[in-house]
Amino acid sequence: MYQVVPGGAGGTITDGAPIKKINKDSRPLVGAGVIGVILVIAAVTAWCYYIASLRKADLLKTELLDLNKDGFLIRNQAGGIVLKMGFRSGTLDLDSCSKEGVILRCSRSFAGNVNFFIMTVKPKETVVCYRVRWEELESDRPVEHAMSYNESYWYGGAETAVQHWPIAISGQQAPKPFVTSDVYSNRHDFGGILERYWLSSNATAIKINDSVPFHLGWNDTEKTMYFQARYQDSPYKPAPGRPPYAELSYRVCVGPDVTSIHKVMVRRYFPKPNKVPAKEMFRHPIWSTWALHKTNINQEKFLTYAENIRKHGFNCSHLELDDRYTSQYGEFEFDTQKFPNASAMFQKLKADGFLVSLWTHPFVNYDSANFGPCVQKGLFVMEPTGQLPALVKWWNGIGGILDFTNPEARNWFTSQLRSLRHKYAISSFKLDAGETNYLPWQFRTRAHLPDPSTFTRRYTEMAIPFNERAELRTGYGSQNISCFFRLIDRDSVWGYELGLKSLIPTVLTISILGYQFILPDMIGGNAYPNRTDGNGKLPDRELYIRWLELSAFMPSMQFSIPPWEYDDEVVAIAQRFTELHETLVAPRVIELAGEVLDTGDPIIRPLWWIATSDETAYRVDSQFLIGDDLMVAPVLEPGKQERDIYLPAGRWKSYKGERFDNKEPIHLTDYPVDLDEIAYFEWVQ
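Numbers given to residues run from 1 along each chain, matching the order in which its sequence is written. In view of the model being predicted, local features appear only for residues whose pLDDT reaches at least 70, and side-chain atom pairs are presented and counted only at 80 or more, with totals across whole chains, interfaces and linings using the full set of residues. The side-chain numbers reported here are obtained from all heavy atoms of the structure, hydrogens and water having been left aside.

Engineer: Before we go on, may I ask you to explain the overall build of the chain in this structure?
Structural biologist: Secondary structure assignment for the chain yields twelve helices and 35 strands. Its C-alpha atoms put the chain at 135 × 70 × 40 Å along the principal axes. Expressed as a percentage of the 685 residues in the chain, the buried residues total 57%. Contact criterion: two residues are considered in contact whenever any of their non-hydrogen atoms come within 4.5 Å of each other. Within the chain, residue pairs in contact and separated by at least 24 positions form 68% of the contacts whose partners lie at least 6 positions apart. Per-residue and other accessible areas were derived by the Shrake-Rupley procedure at a 1.4 Å probe size, with only the shown protein chains allowed to occlude residues. When the accessible surface of the chain is summed, it comes to about 28800 Å², and 51% of that surface belongs to carbon and sulfur atoms. Runs of E in the DSSP output that reach at least two residues are strands. Runs of H or I that reach at least four are helices, and both are numbered from the N terminus. Relative accessibility decides the category of a residue: with a 1.4 Å probe and only protein chains considered, values under 20% of the type maximum give buried, values over 50% give exposed, and everything between is partly exposed.

Below, the structure is given as structure tokens:
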């Protein structure tokens, strides 16, 4: 009988028992065995895939960040999700990903080759940061990431015309250039003080890198902010000799609480002032001619204004002579028709104890005597060919704008200001404008500007020689200029659109952005026609008083419309609050200003600064702290002489002498605050 043996046809024949033929009754058992073998093979295969997937999942994790093809999410130490970021412009090919130490890297998306990585950094034991970079390797592809914000409150970004705290996003906006703009004239743009930095109540912070051609958009239906990098249809330009490959790179840092993570970000990534401005600017009000006289100022009105300040018993840091004291814009000599004897005027003001600063700007109008010489010297921003100056339109006409990337233009401008200072003993200057919206869409500067907002930065540097009392209204990486930064002009209205209610949200926002020496603009607003609550000439009396009270608790006060334009009661209220500012507020602010040089911490702080575990504190936009121990709650509604007050946990003493020792936050409902009062509470040791 034949035997089937191992080895096939060439095998060795051995003795053995004959194999029985399988009968029909045994066939089900064989089938079951085959199925069992198949199941075992399938189970082993599934186990192998499972082990491989675990390895891939482990590969796509770094610290508390989980990456997938569509985006990533970040958790805090407790395991809660604090940030979700989606990839809108493409999905990653995860098979191209690898991990080397703290760097997770991918080389392909389903649209093509990319340079993508996430690098983990731990600057402190309690803080984890992730450096994220996605660079396209084709010139026509933008990069866009979408950040979900639906379960947290966010702060930062930019000054805006309608300012809320926290950020209140409405509608839908396709990503647009995140550059400085004059939001008084362009109310839907980003403002003149702007940084690529956002902070979340989830103790998460995001800082977009300076090299990114950054555009910001949003969708309130999806509760999403869009971070986009692109060069197409954009004022951003790649560096000379480099291809226009879009790169979106940023840092995301997560800490134990919002105050702690902000301190880490400010200390690591923000420049800081190197000195404190003149202490008199913190102690005594600035008096400007603008809101009262506009461009109708002259020598007689200016001297009368100064006399009335002394007559009514007010102190003065300095007088500010605003637009328009020259005959043409772009000139640096006094109009002799309006100021027939400027030298004698300044001598009298000096004898009366007044310092004076002058308004200035970066424009030279075409009808100015300086326009021709500036063209010949090549001092203006040029049109793209570099052959002709680029004419720009601003609120006072048409002219050239000085190119502050050009050392010759910087020197020329500085020499004009120094000449004024020397001739008339001018104390300093109010440098107006500087936003990128006053640059043409296409232009050329002496030094290449990949980011248009760098022009703002170069303009703010012109204040450095005069920064003891200088005033700027724009800032971009300008925290170290060491002068006062003024909010954009306010309308004389109650609301959130450049009105009284916008003051606290705006001051808190630019404080978070690293600008601590803040001038909250003129008390009562600018009294512009059709944008004034009141009789048309003066702001509403109640609005003026409430604005005055709030300004008394800001780092600096600024009058233009004087209190004596109303009545004796308003004068008396103003005298009392300027004295309160000098005795209660200024000493604290000056002490905190000294600390800013080292820490960068805000002088004016949100309530969550000392109440990080209380969600209510993240939503309060009508109260603030000076340092950690003085809480202010102004009345911001017309016709009200009471307000609800949120009082953080602690031991507090009210301005009325009441004492509160509360272990938990409390709400004071309908707390009475008379028209000549502002509610404030001091921490009791």
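Engineer: Please clarify how the pairing of strand β3 (residues 71–75) should be interpreted in this entry.
Structural biologist: Look at any regular strand and the pattern is simple: side chains alternate between the two faces of the sheet. For β3, the buried fraction is high: four of the five residues fall into the buried class. Note: strand β2 (residues 65–68) against β3, four bridges, orientation antiparallel. Directly across from Leu-67, in β3, lies its bridge partner Phe-72. Two successive antiparallel strands, β2 and β3, enclose a turn made up of two residues. DSSP calls a pair of strands paired once it identifies at least 2 bridges connecting them.

Engineer: Even after reading the chapter, I still don't get the UniProt feature "domain: Glycosyl hydrolase family 31 C-terminal" (unreviewed entry) in the chain, so can you show me in this structure?
Structural biologist: Taking the numbering used here, the UniProt-annotated feature "domain: Glycosyl hydrolase family 31 C-terminal" (unreviewed entry) corresponds to residues 600–679. Across residues 600–679, helical content stands at 0% and strand content at 40%; the span's end C-alpha atoms are separated by 27 Å. UniProt positions are given in the numbering used here, feature names are shortened, and annotations may be inferred rather than shown by experiment.

Engineer: How should I be thinking about the domain arrangement of the chain in this particular structure?
Structural biologist: According to the domain assignment, the chain contains domain 1 (59–269) and domain 2 (279–361 + 407–595). The straight-line distance from the C-alpha centre of domain 1 to that of domain 2 is 35 Å. Residue-level contacts link 36 residues of domain 1 with 41 residues of domain 2. The term buried area refers to how much accessible surface (probe radius 1.4 Å) is lost by two components on association, counted for both of them together. The three residues of domain 1 that bury the most area against domain 2 are Trp-165, Tyr-184 and Ile-193, which together make up 22% of that side's buried surface. Where a domain begins and ends is set by an automatic assignment or by a domain database.

Engineer: Even after reading the chapter, I still don't get a nonpolar patch on the surface, so can you show me in this structure?
Structural biologist: Patch membership requires more than 30% relative accessible area and the absence of a salt bridge. Residues of like charge join within 9 Å; the nonpolar side chains Val, Leu, Ile, Met, Phe, Trp and Tyr join within 5 Å. We define a salt bridge as a side-chain nitrogen of Lys or Arg found within 4 Å of a carboxyl oxygen belonging to Asp or Glu. Taken together, the side chains of Tyr-366, Leu-391 and Ile-398 make up a nonpolar region of the molecular surface, amounting to roughly 320 Å² of accessible area. Summarising the element assignment, Leu-391 is placed in the loop between α7 (371–377) and β21 (392–394).

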